[in-house]
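Read off the chains here:
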Amino acid sequence: MTRLTYAAASERFPVWSPDGQQVAMSSQRVGGLSEILVKPAFGGDTERVIVKRSDTDRLTNFAIDWSADGKTILFLGQGRQTNWDIAAVDVATGVATSFLQTQFVEVDPQLSADGRWLAYSSDESGRFETYLRPFPA
């Protein structure tokens, strides 16, 4: 067993990179609101915040899935005007974009193995159901 984090704040929702060399996670180091950081899984303390709290109007952000090509991390963001929404961040650049932002709750995003489809849950119909849509379009 290896402890990966030592911050005084909560760090949770770990997601492995496809090559198994990094872990993305949500960290509440800044004012109790979650940012997303990437850290090497084995050795080294170098970590990189890729979704900064100051870069978004979301109250909190949780890493959920990492694309098979290693380029994109899907995350949930709790918006001020909407509820839970699905967003994506480019791992190399740290540019985050909203993928699905509505007045409904969208959660549980998972990419298909080939990265072309996104499955997620939404309460759009009045109860939670599973939806599929092309990704990233």
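Look up: the structure comes first, before these words.
Residues numbered from 1 in each chain as written. Predicted model: local features only at pLDDT ≥ 70, side-chain atom pairs only at ≥ 80, totals over all residues. Heavy atoms only, no water.

Undergrad: It is not clear to me how the sheet that holds strand β8 (residues 96–100) should be interpreted in this structure. Could you clarify?
TA: The strands making up a sheet are joined through hydrogen bonds of the backbone, oriented either antiparallel or parallel. With respect to topology, four strands assemble into an open sheet ordered β5-β6-β7-β8, the strand pairing being antiparallel. Of all the strands in the sheet, just β5 (60–66) and β8 have a single pairing partner and so form its edges. Each strand axis lies, on average, 35° off the axis of its neighbour in the sheet, ignoring direction. Here seven bridges tie strand β6 (residues 72–78) to strand β7 (residues 84–90), and the two strands are oriented antiparallel to one another. Residue pairing across strands places Leu 76 opposite Ile 86, the latter belonging to β7. (Pairing = 2+ DSSP bridges. Helix = DSSP H or I, 4+ residues; strand = E, 2+ residues; numbered from the N terminus. Axes fitted to C-alpha atoms, helices over the stretch in contact; angles between N-to-C directions.)

Undergrad: Where do I start with the pairing of β5 in this structure?
TA: Along any regular strand the residues' side chains alternate between the sheet's two faces. Of all seven residues in β5, six are buried; the element is thus mostly enclosed. Examined bridge by bridge, β5 and β6 share six bridges and lie antiparallel to one another. Its bridge partner lying in β6, Trp 66 is registered against Ile 73. Counted between consecutive antiparallel strands, the loop separating β5 from β6 contains five residues, among which Gly 70 sits at a positive phi close to 80°. (Buried < 20%, exposed > 50% of the residue type's maximum accessible area, 1.4 Å probe, protein only.)

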